[in-house]
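Spelled out from the first residue to the last, the chains are:
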Amino acid sequence: MSSLASHSGDQAPLRGLRIVDLTSMVLGPYATQILADYGADVIKVEPPQGDLMRKGGASKSAGMGALYLQLNRNKRSIVLDVKQAPARKALLRLCESADVFVHNNRPAAMRRLNLAGEDVRKVNPRLIYVSLIGYGDNGPYAGKPAYDDLIQGICALPATAVQAGGQEPRYVPLTLTDRIVGINAAHAILAAVLRRDRVGEGQSVELPMFETMAQFVLGDHLGGRTFDPPTDGPGYNRLMTANRRPYATRDGHVCALIYTDRHWKAFFEAVGRLDEYFANPRLSDHATRSLHYNEVYGIVADLMQGRTTAEWIALFERCDIPCAPMNDLDALIDDPHLAAVGFFQTLTHPTDGPIRYTGIPSRWNGTALKVTRHAPCLGEHSLAILKEAGMSPSDIDALLQSGATSDAERAISPGVSAP
């Protein structure tokens with residue numbers, strides 16, 4: 001099949017791309033959701049107990065946690081217990097007509113299941129086999145389990161937070177590494193698809209979390225160790241200063257970046273302290289300020305306490321100094337800009353009623369892509385997908401009888417149609 005086929009008038013750029021998705025938790029599902037949002041047919045393969053993330057976060061009904069809902073829209077779900085040989089055979093049948101197979105299991109587990117790259121690609125040499133793993137398989141950490149918190153720690157994020165003025169080591173309060181590696185996985189998959197379409201054969205792609213995040217962190221913080229021999233220690237000074245934080249105002253906080261020479265002069269002129277700007281040599285130019293970020297940001301912090309947040313935002317906007325309010329989560333959800341651009345989309349879920357999904361930010365010829373399919377119930381599309389793969393009714397019935405698959409369509413409330 002042509003992996004980049006499109007339909008007349010259809011803005012979804014990946015329509016026609018089929019992905020067999022054996023991932024769970026956050027990293028893999030986030031990567032495949034990006035591709036599903038762009039129009040790929042993502043077949044989410046789940047064990048009988050379902051993706052563990054179905055229990056993640058707030059929920060109204062069993063197996064439909066908020067985190068699962070926000071990571072799995074625009075996909076179809078099939079239950080296959082791949083520990084059973086007939087279910088593995090059914091999985092390989094799906095791969096015969098797929099463009100991409102992606103998993104986030106440890107390589108040893110995939111070898112035990114006879115689902116390693118060489119096994120799966122036998123049925124389809126054009127298939128792109130993608131392994132999302134914790135650590136590269138030629139290093140001493142190969143095969144070790146990896147989760148977001150662990151990768152944040154080994155990539156120095158909690159330690160860097162302390163070095164930048166924090167009280168104690170803390171993880172960034174979101175699944176940062178899962179999502180950053182997920183984005184990298186999405187573009188690695190697309191690069192492999194383009195290569196396959198150019199040369200006519202698939203390949204195996206391996207993306208380790210640790211190395212991906214190490215590149216991400218050290219892109220900012222390799223610092224003086226960029227050079228051989230080192231000219232200084234690691235770390236980007238501006239990002240490490242304790243006073244690089246939202247500024248406290250009389251009634252809250254405001255985020256502002258006074259950065260260029262023009263910004264600094266305009267700020268001190270607007271607050272009636274232009275004489276201080278000219279008198280303090282550490283404020284004179286960018287190169288000098290960069291050696292004293294903590295001090296110069298501290299001067300600003302002291303001044304900011306004298307006015308309200310609204311007064312500061314008005315002043316910064318008059319001076320064309322970049323600024324933004326410091327939202328909490330409720331304020332972010334209710335932000336008027338997000339409302340104006342139609343960021344959220346609500347679909348009626350067959351088991352949970354109206355569900356608010358975050359939007360697809362990109363626009364294609366001025367048109368935003370839409371969430372067209374709710375996050376699926378466990379095994380909601382099992383029978384339809386098996387039939388599409390050409391499996392006989394007797395083979396499907398055998399899978400049902402053994403518990404290797406399930407028909408969740410029967411569990412969906414009657415009278416509520418899925419998109």
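Just so it is clear, the structure is predicted and the values come from calculations on it, not from any experiment.

Peer 1: Looking at this structure, how should I read a nonpolar patch on the surface?
Peer 2: A cluster of nonpolar residues, Tyr236, Leu257 and Tyr259, forms a patch on the protein surface that exposes about 220 Å² of accessible area. Among the structural elements, Tyr236 can be located in the loop between helix 9 (209–221) and helix 10 (237–240).

Peer 1: So what exactly am I meant to see when it comes to unusual backbone geometry here?
Peer 2: Among all residues save glycine, negative phi is the norm, and among peptide bonds the norm is trans. Of note, the amide linkage connecting Asp228 to Pro229 takes the cis form, showing an omega dihedral of 5°. Here Pro229 shows up in the loop between helix 9 and helix 10. Here the phi dihedral of Met25 falls at roughly 70°; this positive angle occurs in a residue that is not glycine. With respect to the secondary-structure elements, Met25 resides in the loop between strand 1 (18–22) and helix 1 (27–37).

Peer 1: Please explain the pairing of strand 8 (residues 253–256) as it appears in this structure.
Peer 2: For a regular strand, side-chain orientation follows a simple rule: the groups alternate between the two sheet faces. Residues Val254 and Ala256 line the buried face of strand 8, whereas the alternating positions His253 and Cys255 sit on a face that is not buried. Relative to strand 8, strand 7 (residues 247–248) runs antiparallel, the two sharing two bridges. Residue pairing across strands places Ala248 opposite His253, the latter belonging to strand 8. Hairpin connection from strand 7 to strand 8: four residues lie between these consecutive antiparallel strands. The sheet contact formed by strand 8 and strand 9 (residues 323–325) spans three bridges and is antiparallel. Within the sheet, the bridge partner assigned to Ala256 lies in strand 9 and is Cys323.

Peer 1: Whenever I open this one, the pattern of salt bridges confuses me. Can you help?
Peer 2: Opposite charge on two side chains permits them to pair, given that their charged atoms come into close proximity. The tally for this structure, following the rule as stated, stands at 16 salt bridges. A salt bridge links Asp51 to Lys44; its shortest N-O distance comes to 3.0 Å. Classification of Asp51 by relative accessible area gives buried; the value is 3%. For Lys44, a relative accessible area of 0% gives the class buried. Across the salt bridge formed by Arg196 and Asp99, the nearest N and O atoms sit 3.1 Å from each other. Here Arg196, found in helix 8 (residues 176–199), pairs with Asp99, found in the loop between helix 3 (85–96) and strand 4 (100–103); they are 97 residues apart in sequence, far enough to count as distant. Taking the relative accessible area as the measure of exposure, Asp99 reaches 2% and is therefore buried.

Peer 1: For this particular structure, what's the right way to read the sheet that holds strand 1?
Peer 2: Consider a sheet: its strands pair through backbone hydrogen bonds, and that pairing is either parallel or antiparallel. Pairing within the open sheet is parallel, and its six strands lie in the order 3-2-1-4-5-6. The open sheet has two edge strands, strand 3 (75–79) and strand 6 (204–208), and neither has a second partner. Pairs of neighbouring strands in the sheet enclose a mean axial angle of 20°, with direction left out of account. Note: strand 1 against strand 4, four bridges, orientation parallel. Considered in strand 4, the bridge of Asp21 is made with Val102. Where helix 1 meets the sheet, it contacts strand 1, strand 2 (41–46), strand 3, strand 4 and strand 5 (128–133), and its direction lies at approximately 135° from that of strand 3. Sheet contacts for helix 9: strand 5 and strand 6; angle to strand 6, the most-contacted strand, approximately 60°.

Peer 1: Which parts of the structure should I look at to understand the packing of helix 1 against helix 8?
Peer 2: The axes of two packed helices give the description: the angle between them and the distance between them. Running from amino to carboxyl end, helix 1 crosses helix 8 at an angle of 45°, the nearest separation of the two axes being 8 Å. Relative to helix 8, the element helix 1 is oriented oblique. Of the two possible hands of crossing, helix 1 and helix 8 adopt the one that is right-handed. Residues Leu27, Tyr30, Ala31, Ile34 and Leu35 of helix 1 form the contact with helix 8, whose participating residues are Asp178, Arg179, Val181, Gly182, Ile183, Ala185, Ala186, Ile189 and Leu190. Across the contact of helix 1 with helix 8, the residue classes break down as 11 nonpolar, one polar and two charged.

Peer 1: Is there a simple way to think about helix 1 in this case?
Peer 2: Think of an α-helix as 3.6 residues a turn; residues three or four steps apart then line up on the same face. In terms of burial, helix 1 is largely enclosed, as 11 of its 11 residues are buried. Looking only at helix 1, the buried set comprises Leu27, Gly28, Pro29, Tyr30, Ala31, Thr32, Gln33, Ile34, Leu35, Ala36 and Asp37. Looking one or two residues beyond helix 1, the residue adopting positive phi is Gly39, at roughly 110°.

Peer 1: I'm lost on the confidence of the model for the chain in this one. Help?
Peer 2: Close inspection of predicted coordinates is inappropriate in any region flagged by low pLDDT. Overall, the prediction assigns the chain a mean pLDDT of 94, with 95% of residues at 70 or greater. In the predicted structure, residues 1–9 sits below a pLDDT of 50 and forms 22 contacts with residues beyond four places in sequence or in another chain.

Peer 1: Looking at this structure, how should I read the sheet that holds strand 7?
Peer 2: Within the open sheet, the three strands sit side by side as 7-8-9. Their pairing is antiparallel. Each edge of the open sheet is held by one strand with a lone partner, namely strand 7 and strand 9. Together, strand 8 and strand 9 form the strand contacts of helix 15 (residues 309–319), whose direction differs from that of strand 8 by roughly 15°.

Calculation rules
Residues numbered from 1 in each chain as written. Predicted model: local features only at pLDDT ≥ 70, side-chain atom pairs only at ≥ 80, totals over all residues. Heavy atoms only, no water. Patch = residues over 30% accessible without salt bridge, like charges linked within 9 Å, V, L, I, M, F, W, Y side chains within 5 Å. Areas by Shrake-Rupley, 256 points an atom, 1.4 Å probe, with all protein chains shown as cover. Salt bridge = Lys/Arg side-chain N within 4 Å of Asp/Glu carboxyl O. Helix = DSSP H or I, 4+ residues; strand = E, 2+ residues; numbered from the N terminus. Buried < 20%, exposed > 50% of the residue type's maximum accessible area, 1.4 Å probe, protein only. Pairing = 2+ DSSP bridges. Axes fitted to C-alpha atoms, helices over the stretch in contact; angles between N-to-C directions. Contact = heavy atoms within 4.5 Å. Parallel < 35°, antiparallel > 145°, perpendicular 65-115°, else oblique. Left-handed = near helix turned anticlockwise from the far one by under 90°. Nonpolar A, V, L, I, M, F, W, Y, C, P; charged D, E, K, R; others polar. pLDDT = per-residue confidence, 0-100.

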